[in-house]
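Fold and geometry: a report
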Amino acid sequence: SRFCPPRKSHHDWIGPPDRHSNLRPVHFFVPENESSLEQKLRELRQETQEWNQQFWANQNLTFSKEKEDFIHSRLQGRSLGLGVESGQKTTLSAEEMADFYKEFLSKNFQKHMYYNRDWYRRNFTITFFMGRVVLERMWNKLRQKPKKRSS
Amino acid sequence: MAAFPHSFSSRLLTGWVGGCVWYLERRALLESPHKFMHLFRNVNKQWITFQHFNFLKRMYVTQVNRILNQQVKPKPKPVASPFLEKTSSDEAKAEIDEMRPLSPLSPSLSIKPDEKQLIELESASTIEGSIDVGKETKEEKQWKEMKVHLDDLPGILARLSKIKLTALVVSTTSAGFALAPGPFDWPCFLLTSLGTGLASCAANSINQFFEVPFDSNMNRTKNRPLVRGQISPLLAVSFATCCAVPGVILLTWGVNPLTGALGLFNIFLYTCCYTPLKRMSIANTWVGAVVGAIPPVMGWTAATGGLDAGGLLLGGILYSWQFPHFNALSWGLREDYSRGGYCMMSVTHPGLCRRVALRHCLALVGLCVAAPVLDVTTWAFPVVSLPINLYISYLGFRFYKDADRKSSRKLFFCSLWHLPLLLLLMLTCKQRPGEEGDKENAQS
């Protein structure tokens with residue numbers, strides 16, 4: 001969905017959680033006098049956002065799909081064995097689902113390991129860059145003041 | 001500093017009505033839609049109201065309070081007003097309490113397409129105080145400027161630092177301090193509490209900093225400040241540093257170096273061991289139990305200056321308590337854990353999960369007997385604590401046998417009141433310095 005922040009705003013904007021990934025998208029503000037460091041930070045955040053979005057949307061959709069498949073296959077197995085009864089249970093209990101949860105978790109374990117490692121790395125880098133940007137801005141402000149006095 | 005939902009215990013305290021609403025709110029979050037048929041068989045009235053609750057897609061809401069069993073009329077179309085200003089405050093309150101969990105789950109609610117109209121409505125309509133959750137639901141659907149308002153900052157930081165959990169942690173530290181032998185030193189007590197509180201805030205903030213995408217995907221944690229973009233990660237880390245440094249310094253120099261070292265170690269254990277380990281191995285639960293056990297030990301070392309068997313016993317009691325508490329809680333979160341990639345016993349080793357919970361319930365009985373042996377309490381303590389220890393062990397046994405949602409919730413709820421009561425009993429049965437001497441005189 002296209003979102004346009006108000007013109008006078010000089011901040012990023014954060015949206016509602018995405019339907020598939022549950023992550024909130026951020027619309028990044030591009031200042032006129034963006035430094036190269038600020039640009040690098042913004043691009044890293046943008047790229048991380050897209051990477052995260054892709055991972056979690058895929059993860060959640062895969063989970064839903066595999067859960068559906070599991071339920072269908074279990075229910076089918078049950079109806080074959082017992083014969084179709086009216087008012088038969090059409091859902092599985094939490095205990096029956098437990099097998100699926102366990103299987104899903106172990107199947108995706110390696111995938112999560114890679115994701116975790118990358119996520120920690122990105123998170124640290126982004127935060128570090130944010131710190132550098134703040135310091136850069138403070139430094140620029142301090143440098144501007146004596147110049148103004150002299151001119 | 002254990003990453004357990006403080007919100008559960010705090011909400012319980014607001015009373016049974018609140019408890020009912022919360023309980024059912026949790027159920028709505030945790031139940032998959034397929035479960036309702038299974039639950040429908042349950043004769044218990046309370047469960048049947050869940051079904052109406054889960055049917056919120058049809059916009060029907062049932063008052064969850066047992067006393068008032070009314071059915072509110074279906075929600076009006078959002079064009080009219082999503083805020084139900086005309087309904088009674090009771091009905092509106094019930095609906096709001098129940099609206100909140102469902103809106104993120106069912107984006108197909110008709111509010112979404114009419115966003116523009118809603119924006120206009122929002123500026124025009126007057127919003128009652130009791131329906132601010134309705135407003136929150138709508139806000140979730142809107143874009144928000146990522147600008148920190150100073151008025152909101154205290155609230156945001158309180159949620160970032162899990163202030164309620166921190167308060168519970170500090171209370172266990174206070175219990176440790178009070179139970180330690182020796183005269184009660186008020187300045188030392190206050191410094192210890194403050195230092196531990198700051199350390200806990202720091203650890204909780206870093207934990208949230210690490211877990212943003214995972215928290216987004218779990219119902220329990222999706223409203224945290226970093227997830228909602230209310231503050232930046234940089235600010236969260238800065239805040240954590242501003243809590244950790246004074247906290248540890250306060251403990252090291254204001255109290256004693258041992259307490260300071262334990263505080264620093266606990267921050268490290270929670271943020272750098274427990275948090276990443278949650279996604280790698282079930283061992284995280286044991287590490288988390290140690291994290292929960294250290295604060296009362298810190299209270300003890302603060303009071304006595306050293307670590308002895310009594311302090312370790314107190315830590316042991318908290319350590320054992322963590323298992324029935326957390327294992328019971330995690331039983332209902334298996335779906336979220338599985339999807340989010342968390343390695344928890346309840347998902348990977350369900351039998352072990354229940355066995356460990358029961359084992360540690362029984363261990364609590366043994367530890368309470370050890371208390372008078374180590375001169376922490378009098379012999380009255382194991383006697384008076386036996387009923388509650390047997391009760392939690394019974395619930396642990398039921399959980400072990402039945403392995404269902406009902407028994408897990410019973411055990412979890414029990415653990416919430418069991419610990420404060422146990423600590424209180426310990427305090428009342430504390431071994432006074434004179435008594436030991438009297439006993440010896442009586443014997444000779």
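Here the structure is a predicted model, which is why all the values come from computation and not from measurement. Throughout, a residue's number is its position along its own chain's written sequence, starting from 1. Labels are handed out in written order, letters beginning with A for the chains and numbers beginning with 1 for the ligands. Reporting in this predicted model follows two pLDDT cut-offs: at least 70 for local features of residues, and 80 or more for side-chain atom pairs to be given and counted; totals over whole chains, interfaces and linings ignore these cut-offs and use all residues. Side-chain calculation: all heavy atoms of the structure are included, whereas hydrogens and water are not.

Moving on, we get to the overall build of chain B. Assigned secondary structure in chain B consists of 21 helices and three strands. Scored against the burial criterion, the 444 residues of chain B give a buried share of 57%. Secondary structure elements follow DSSP: runs of H or I of four or more residues count as helices, runs of E of two or more count as strands, with numbering from the N terminus. Note on exposure labels: buried denotes an accessible area under 20% of the residue type's maximum, exposed denotes more than 50%, and partly exposed covers the range between, all computed with a 1.4 Å probe on protein chains only.

The next thing to look at is the packing of helix α9 (residues 163-179) of chain B against helix α14 (residues 284-304) of chain B. Residue and element names in this part refer to chain B. Running from N to C, α9 and α14 cross one another at 40°; their axes reach a closest spacing of 7 Å. Of the possible angle classes, the one that applies to α9 and α14 is oblique. Here the hand of the crossing between α9 and α14 comes out right-handed. Contacts from Val-169, Thr-172, Thr-173, Gly-176, Phe-177 and Leu-179 in α9 reach Pro-295, Pro-296, Met-298, Gly-299, Trp-300, Ala-302 and Ala-303 in α14. Axis definition: a line fitted to C-alpha atoms, over the contacting stretch in the case of helices. Angles run 0 to 180 degrees between N-to-C directions. For classification, angles of less than 35 degrees are called roughly parallel, those exceeding 145 degrees roughly antiparallel, those between 65 and 115 degrees roughly perpendicular, and all remaining angles oblique. Working rule for handedness: look at the near helix, and if it is turned counterclockwise from the far one by less than a right angle, call the crossing left-handed; if clockwise, right-handed. It only takes one pair of heavy atoms within 4.5 Å for two residues to be counted as in contact.

Residues and elements named next belong to chain B. Side chains of Tyr-391, Tyr-394, Trp-417, Leu-421 and Leu-424 sit close together on the surface and give an oily, nonpolar patch of about 490 Å² of accessible area. Among the elements that make up the nonpolar patch, the one with the highest residue count is helix α20 (residues 405-428) (three residues). Mapped onto the fold, Leu-424 is located in helix α20. Patches draw on residues past 30% relative accessible area with no salt bridge. Two like charges within 9 Å are joined, as are two nonpolar side chains (Val, Leu, Ile, Met, Phe, Trp, Tyr) within 5 Å. The Shrake-Rupley method, run with a 1.4 Å probe sphere, supplies the accessible areas, and residue values consider only the shown protein chains as cover. A pair is scored as a salt bridge if a Lys or Arg side-chain nitrogen falls within 4 Å of a carboxyl oxygen belonging to Asp or Glu.

Now for the interface of chain A and chain B. Facing the 52 residues of chain A at the interface are 49 residues of chain B. Linking chain A to chain B there are one salt bridge. Within the residue set of the side of chain A that touches chain B, elements represented by two or more residues are β1 (13-14), β2 (26-27), α1 (36-82), α2 (94-107) and α3 (109-150) of chain A. Looking at the side of chain A that touches chain B element by element, the count peaks at 13 residues for α3 of chain A. Classifying every residue of the side of chain A that touches chain B gives 25 nonpolar, 18 polar and nine charged. Each pair of strands is called paired provided DSSP finds at least two bridges between the two strands. One ladder, built from two bridges, connects β1 of chain A with strand β3 (residues 144-145) of chain B; its direction is antiparallel. Under the scheme applied, nonpolar residues are Ala, Val, Leu, Ile, Met, Phe, Trp, Tyr, Cys and Pro; charged residues are Asp, Glu, Lys and Arg; polar residues are all the others, including Gly.

All right, on to unusual backbone geometry then. Glycine aside, negative phi is the norm for most residues, and most peptide bonds take the trans geometry. Look at Asn-22 of chain A: it is not a glycine, yet its phi comes out positive at around 65°. Note on Asn-22 of chain A: relative accessible area 22%, which makes it partly exposed. Of note, the phi angle at Lys-162 of chain B is positive, near 50°, even though the residue is not glycine. Among the structural elements, Lys-162 of chain B can be located in the loop between α8 (153-160) and α9.

As a further point, take the sheet that holds β2 of chain A. Strand order in the open sheet made by the three strands is β2(A)-β1(A)-β3(B), with antiparallel pairing throughout. With one partner strand each, in any of the chains shown, β2 of chain A together with β3 of chain B form the two edges of the open sheet. Of the pairings in the sheet, the one linking β1 of chain A to β2 of chain A comprises two bridges and is antiparallel in character. Paired with Trp-13 of chain A across the bridge in β2 of chain A is His-27 of chain A.

Residue and element names in this part refer to chain B. The predicted model of chain B has a mean per-residue pLDDT of 77, with 66% of residues at 70 or higher. Scored below 50 in pLDDT, residues 1-5 makes 25 contacts in the model with residues more than four places away or belonging to other chains. For residues 436-440, every residue scores under 50 in pLDDT, and the model assigns this stretch two contacts once sequence neighbours within four places are set aside. Confidence metrics for the complex model read pTM 0.73 and ipTM 0.88. Scored from 0 to 100, pLDDT reflects the predictor's confidence in each residue.

A few words on α14 of chain B. All names here are of chain B. Multiplying one less than the number of residues by 1.5 Å gives the expected span of a helix. Compared with the 30 Å implied by 1.5 Å per residue over 21 residues, the 30 Å span of α14 between its first and last C-alpha is a close match. For α14, the tally of buried residues reaches 17 of 21 residues, placing the bulk of the element in the interior. Phi for Gly-305, located one or two positions after α14, is positive at around 85°.

Right, let's talk about the nonpolar core for a bit. By size, the foremost hydrophobic cluster in this structure holds 83 residues, and its most contacted members are Tyr-337 and Leu-411 of chain B. Put simply, buried Ala, Val, Leu, Ile, Met, Phe, Trp, Tyr and Cys residues joined by side-chain atoms within 4.5 Å make one nonpolar core. Core analysis: the second largest hydrophobic core is formed by 16 residues, Leu-179, Leu-314, Val-376 and Met-426 of chain B among them.

When two cysteine sulfur atoms are found within 2.5 Å, that pair is recorded as a disulfide. A complete count under the given rule lists zero disulfides over all chains for this structure. Among the cysteines around Cys-353 of chain B, which has no disulfide bond, Cys-361 of chain B carries the closest sulfur, lying 12 Å off.

For the rest of this paragraph, the subject is the packing of helix α10 (residues 186-210) of chain B against helix α13 (residues 257-277) of chain B. Residue and element names in this part refer to chain B. Running from amino to carboxyl end, α10 crosses α13 at an angle of 20°, the nearest separation of the two axes being 9 Å. The orientation of α10 with respect to α13, classified from their angle, is roughly parallel. In the crossing of α10 with α13, the sense of the turn from one axis to the other is right-handed. Between α10, through Ala-199, Ala-203, Asn-204, Ile-206, Asn-207 and Phe-210, and α13, the contact on the second element is made entirely by Ile-267, Tyr-270, Thr-271 and Thr-275.

Another aspect to go through is α9 of chain B. Its 17 residues give α9 of chain B an end-to-end C-alpha distance of 24 Å, which sits within 8% of 24 Å, the value for a rise of 1.5 Å per residue. Listed in full, the buried residues belonging to α9 of chain B are Leu-165, Thr-166, Val-169, Val-170, Thr-172, Thr-173, Ser-174, Ala-175, Gly-176, Phe-177 and Leu-179 of chain B.

What follows concerns the environment of Arg-354 of chain B. Residue and element names in this part refer to chain B. Looking at where Arg-354 falls in the secondary structure, it is placed in helix α18 (residues 350-373). When its relative accessible area of 15% is taken as the criterion, Arg-354 is described as buried. C-alpha separation for the pair Arg-354 and Gly-396, spaced 42 residues apart in sequence, amounts to 7.7 Å. With near-sequence residues (within four places) excluded, Arg-354 lies in contact with Trp-331, Phe-399, Tyr-400 and Ala-403.

What follows is about the environment of Arg-359 of chain B. Looking at where Arg-359 of chain B falls in the secondary structure, it is placed in helix α18. Residues Arg-359 of chain B and Phe-397 of chain B, 38 residues apart in the sequence, show an inter-C-alpha distance of 9.1 Å.

Side-chain rings of Phe, Tyr and Trp, where Trp is taken by its six-membered ring, are said to pair if the distance between their centres is within 6.5 Å; with planes under 30 degrees apart they count as stacked, over 60 as edge-to-face, and otherwise as tilted. Per the counting criterion, the structure on display carries 30 aromatic pairs over all chains. Each ring, one from Phe-63 of chain A and one from Tyr-101 of chain A, has its centre 6.3 Å from the other, and the planes form 10°; the classification is stacked. Of this pair, Phe-63 of chain A sits in helix α1 while Tyr-101 of chain A sits in helix α2; the two residues are 38 residues apart in sequence, bridging distant segments of the chain. Taking relative accessible area as the criterion, Phe-63 of chain A reaches 2% and is therefore assigned buried. The interplanar angle of 55° and the centroid separation of 6.1 Å between the aromatic rings of Phe-412 of chain B and Phe-413 of chain B together place this pair among those described as tilted. Across the pair, exposure class does not vary: Phe-412 of chain B and Phe-413 of chain B are buried alike. These aromatic residues form a ring-pair network of at least three members: Trp-51, Phe-55, Trp-56 and Tyr-115 of chain A together with Phe-214, Tyr-337 and Tyr-342 of chain B.

Turning to the environment of Trp-331 of chain B, a few remarks are in order. Residues and elements named next belong to chain B. Tracing the backbone through its elements, the reader meets Trp-331 in helix α15 (residues 309-331). Residue classification places Trp-331 among the buried positions, given a relative accessible area of 2%. Taking the C-alpha atoms as reference points, Trp-331 and Ala-403, separated by 72 residues in sequence, lie 8.6 Å from one another. Pairs of N or O atoms within 3.5 Å make up the polar contacts considered here, provided that, within protein, one atom can donate a hydrogen while the other can accept it, and that residues adjacent in sequence are counted only when both atoms are side-chain atoms. A polar atom in the side chain of Trp-331 sits 3.4 Å from the backbone oxygen of Ala-403.

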